[in-house]
Amino acid sequence: MSDNKPIRLKTISEFHKLRGLPAPKHPLISVINFEDMKVPSVIGKQSLLFDFYTISVKRDMDHKYRYGQKDYDFDQGVMFCMAPHQVLSVIREEQGENPSGWMLMIHPDFLWNTLLAASIKRYEFFDYSVNEALFLSEDEELKMQQIIENIKQEYHGNIDQFSQNIMISQLETLFNYSQRFYQRQFITRKKASHQFLEKLEIFLNDYFEGKDIIQNGLPTVQLLSEKLNMSTQYMRGMLKSLTGQTTQQIIHEKVIEKAKERLSTTELSISEIAYELGFEHSQSFNKLFKAKTNISPMEFRKSFN
């Protein structure tokens, strides 16, 4: 069995060496084919911590990836992305073959002094979890492969003053297509999307009707993320695509819904309602209610009656 301590890979060269590959053609960016890698001899769990960005497209895997306490098997073309300093755990139950596909590695230093160095932060899929991989269609995978080939051709050629700008441009194209394909996935995976919205609704209803809200206050985005086993970034992207709202807006919408119920069906005071809905101070409740409805809780109660 392997040591549970992650293997930290500070450079792309270190990863090449770990997987028995020749030294990279460029120290700060590299594309490798999984078929060319040395099959790890480790049976069990091996964790890797990268100091650089990675984008992988894989097929035919005989091992599992772990996120939290769940294992995920991918036996079709899938793509997942990782930002620096994230840990990836690979679980091998027996010695097998490498998957097919490719892996792109980009060290943050490669982006230095370019617009992409700042704008890469807006590509939220780098912070999605492994179980939130992008399932590619054949056409989508082909599009990604074409861009990757362009990058490979550029850094395998003679490096000159134009090389970095050309590769940066190709990377931006790759990231934009990734964002488009993720938006498509939010829409086309209707069953999963419906189940997600249903689970979210059930959890929020139970939370607002239970005792936890008085003790812990309003539900947070992080709490929803943990309960739904979904990264905050992926959850935000899915909600934005499905409902046009952010996670915080969904929470506030539920607060207003529950507040209106109590204002119209009970004789509880405004302060009591605020307390039951997780507000420490009724002024905060009044401010939120008026911001969302354009009237105060008291005005709503009077107009309803």
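Residues numbered from 1 in each chain as written. Predicted model: local features only at pLDDT ≥ 70, side-chain atom pairs only at ≥ 80, totals over all residues. Heavy atoms only, no water.

Undergrad: Could you give me a rundown of the environment of isoleucine 120, with the residues and numbers involved?
TA: For isoleucine 120, the location among the structural elements is in the loop between helix 2 (116-119) and strand 10 (134-135). Since its relative accessible area comes to 3%, isoleucine 120 is described here as buried. Setting aside residues no more than four positions away along its own chain, isoleucine 120 makes contact with Tyr53, Leu111, Phe126 and Phe175. (Helix = DSSP H or I, 4+ residues; strand = E, 2+ residues; numbered from the N terminus. Buried < 20%, exposed > 50% of the residue type's maximum accessible area, 1.4 Å probe, protein only. Contact = heavy atoms within 4.5 Å.)

Undergrad: Summarise the nonpolar core; cite the residues concerned and give the values.
TA: Leu104, Phe126, Leu171 and Phe175 are the most contacted members of the largest nonpolar core, which totals 64 residues. Ranked by residues supplied to this core, first place goes to helix 4 (residues 163-188) with eight residues. Residues Leu9, Phe50, Phe52 and Met82 belong to the second largest nonpolar core, which totals 15 residues. (Core = buried A, V, L, I, M, F, W, Y, C linked by side-chain atoms within 4.5 Å.)

Undergrad: Could you give an account of the layout of surface pockets, naming the residues involved and the relevant values?
TA: Over the atoms rolls a probe the size of a water molecule, and in doing so it shows where empty space is left. Of the pockets and cavities examined, the second largest pocket occupies roughly 200 Å³. Lining the second largest pocket are 14 residues; nearest its centre among them are His16, Val31, Ile32, Tyr155 and His156. Breaking the lining of the second largest pocket down by element, the ones donating at least two residues are strand 2 (29-33) and helix 3 (138-156). Among the elements that take part in the lining of the second largest pocket, strand 2 stands out by supplying four residues, more than any other. The class makeup of the residues in the lining of the second largest pocket is seven nonpolar, four polar and three charged. (1 Å grid on protein atoms, 1.4 Å probe; cavity = no way out; pocket = protein on both sides within 12 Å on 5 of 7 lines; lining within 4 Å. Points joined across faces, edges and corners; volume = space filled by probe spheres on them. Nonpolar A, V, L, I, M, F, W, Y, C, P; charged D, E, K, R; others polar.)

Undergrad: Hey, could you go over unusual backbone geometry for me, with residue numbers and the actual values?
TA: Among all residues except glycine, the phi angle is most often negative; among peptide bonds, the trans geometry is most common. Although it is not a glycine, asparagine 113 adopts a positive phi angle of roughly 65°. With respect to the helices and strands, asparagine 113 occurs in the loop between strand 9 (100-106) and helix 2. Notably, asparagine 229 is not glycine yet its phi reads approximately 50°, a positive angle. Assignment of secondary structure puts asparagine 229 in the loop between helix 7 (221-227) and helix 8 (232-243).

Undergrad: Talk me through the sheet that holds strand 2; I want residue IDs and the actual numbers.
TA: In space, the five strands of this open sheet follow the order 2-9-4-7-10, with antiparallel pairing throughout. Both outer strands of the open sheet, strand 2 and strand 10, are each paired with one neighbouring strand and no more. Here strand 2 pairs with strand 9 via five bridges, running antiparallel. Bridging from a neighbouring strand, serine 30 pairs with methionine 105 of strand 9. (Pairing = 2+ DSSP bridges.)

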